[in-house]
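Listed below, chain by chain, are the residues.
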Amino acid sequence: MIRPLQALVPGLLLLLAASLLPEVLAQSTLRSTFPGRRVGGGTRGECSARLVANLVPSTSVFAPGSSLQIGLLEGPTANPRPLRLSFRPLNSSGSADAARSSGSQRLLPASPAGVTLLALPALKVPTVWESAYQCEEGSAAPADDPLAFVQSESPPAVSLLVADNDSTPEDKPLQSALQQLRKSCGSTVPRAQVAKAFGLADVVTGEWPAQLPVRCL
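Residues numbered from 1 in each chain as written. Predicted model: local features only at pLDDT ≥ 70, side-chain atom pairs only at ≥ 80, totals over all residues. Heavy atoms only, no water.

(A) The sheet that holds strand E3 (residues 61-62), seen in detail. Taken in spatial order, the five strands of this open sheet run E3-E9-E8-E5-E6, and their pairing is mixed. Pairing within the sheet leaves two strands with one partner each, and these edge strands are E3 and strand E6 (104-108). Relative to strand E9 (residues 157-161), E3 runs parallel, the two sharing two bridges. Across the sheet, Val 61 pairs through a bridge with Leu 160, a residue of E9. (Pairing = 2+ DSSP bridges. Helix = DSSP H or I, 4+ residues; strand = E, 2+ residues; numbered from the N terminus.)

This is the structure we're talking about:
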């Protein structure tokens, strides 16, 4: 009876590998094809030009790990505006408004340049995370200005959050960096430290404060 069982083992291993292959390929495809951008803002208008960055890898796909902690970075401005965070399942169907309504939103108070950390509930499905400033309606731009609409909506940073079993080696350093930042809640950290840890040296310039406050929610 032992020899037949031994003969079955290679076949069972092949079946197991075959069953896992679609999931592995799907994960790889998701990371390479998700149309995200981890840095938002940068368009015309004081509010919509202000930088906001989700602290995720350059692919904009991130597994927060068991801590379920995420972070974002807000750039300098003379007139801070509230920041709207939205979370929705990746596979939401219908219009963009309908997709957003199927998820959840959170409005953070207007804050100066700095880092904000927050924890998520458990991720049951891949979740799209958008961060954008809530700009005032009815800007001072002329009514016939074709670009006036950008004053009332800031281009969001768009990322995809995935479960820990979908993590890759590039997630681990960022998870550690976020945990390190949490040790500075209520204090400040050097801007150079944040820029280096999250690969944002190209956008965190000398115009930023040398020390960035760390806000933990």
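Read on for the rest.
(B) Quick peek at the pairing of strand E7 (residues 114-119). For E7, a buried count of five out of six residues is recorded, marking the element as mostly surrounded by other parts of the structure. One ladder, built from six bridges, connects strand E4 (residues 69-74) with E7; its direction is antiparallel. Paired with Gln 69 across the bridge in E7 is Ala 119. Alignment of E7 against strand E11 (residues 211-216), held across three bridges, turns out to be parallel. Its bridge partner lying in E11, Leu 117 is registered against Cys 216. (Buried < 20%, exposed > 50% of the residue type's maximum accessible area, 1.4 Å probe, protein only.)

(C) Structural context of the environment of Gln 179. Here Gln 179 shows up in helix H4 (residues 171-182). Judged by relative accessible area, which is 43%, Gln 179 ranks as partly exposed. On a C-alpha basis, the gap between Gln 179 and Leu 117 in space is 9.5 Å, while along the polypeptide they are 62 residues apart. Residues in contact with Gln 179, not counting those within four places in the same chain, are Ser 67 and Gln 69. (Contact = heavy atoms within 4.5 Å.)

(D) Highlighting the environment of Glu 46. By secondary structure assignment, the location of Glu 46 is in helix H2 (residues 46-49). Of the residues examined, Glu 46 reaches a relative accessible area of 42% and is grouped as partly exposed. In this structure, the C-alpha to C-alpha distance between Glu 46 and Cys 135, residues 89 residues apart in sequence, is 9.1 Å. In this structure the side chain of Glu 46 is engaged in a polar contact, spanning 2.6 Å, whose partner is the side chain of Asn 79. (Polar contact = N/O pair within 3.5 Å; in protein donor to acceptor, adjacent residues only side chain to side chain.)

(E) The pattern of salt bridges, seen in detail. This model, assessed by the stated rule, comprises four salt bridges. Salt-bridge contacts for Arg 50 lead to Glu 74; the nearest nitrogen and oxygen are separated by 3.6 Å. With Arg 50 in the loop between H2 and strand E2 (52-54) and Glu 74 in strand E4, this residue pair connects regions lying 24 residues apart in the sequence. A salt bridge links Glu 130 to Arg 88; the shortest N-O distance between them is 3.8 Å. One end of the pair, Glu 130, is in strand E8 (residues 127-133); the other, Arg 88, is in strand E5 (residues 83-89), and 42 residues separate them in sequence. A single salt-bridge network, built from bridges that share partners, covers Arg 50, Glu 74 and Arg 215. (Salt bridge = Lys/Arg side-chain N within 4 Å of Asp/Glu carboxyl O.)

(F) Region of interest: the nonpolar core. Judged by nonpolar contacts, the single largest core of 39 residues is most densely connected at Leu 73, Leu 181 and Phe 198. When residues in this core are grouped by element, the largest group, four residues, is from H4. Filtering out sequence-adjacent residues up to four positions away, Leu 181 remains in contact with Leu 55, Val 115, Leu 117, Val 189, Gln 193, Val 194, Phe 198 and Val 214. Among the nonpolar cores identified, the runner-up in size contains seven residues, and Phe 34, Val 61, Val 128 and Val 158 belong to it. (Core = buried A, V, L, I, M, F, W, Y, C linked by side-chain atoms within 4.5 Å.)

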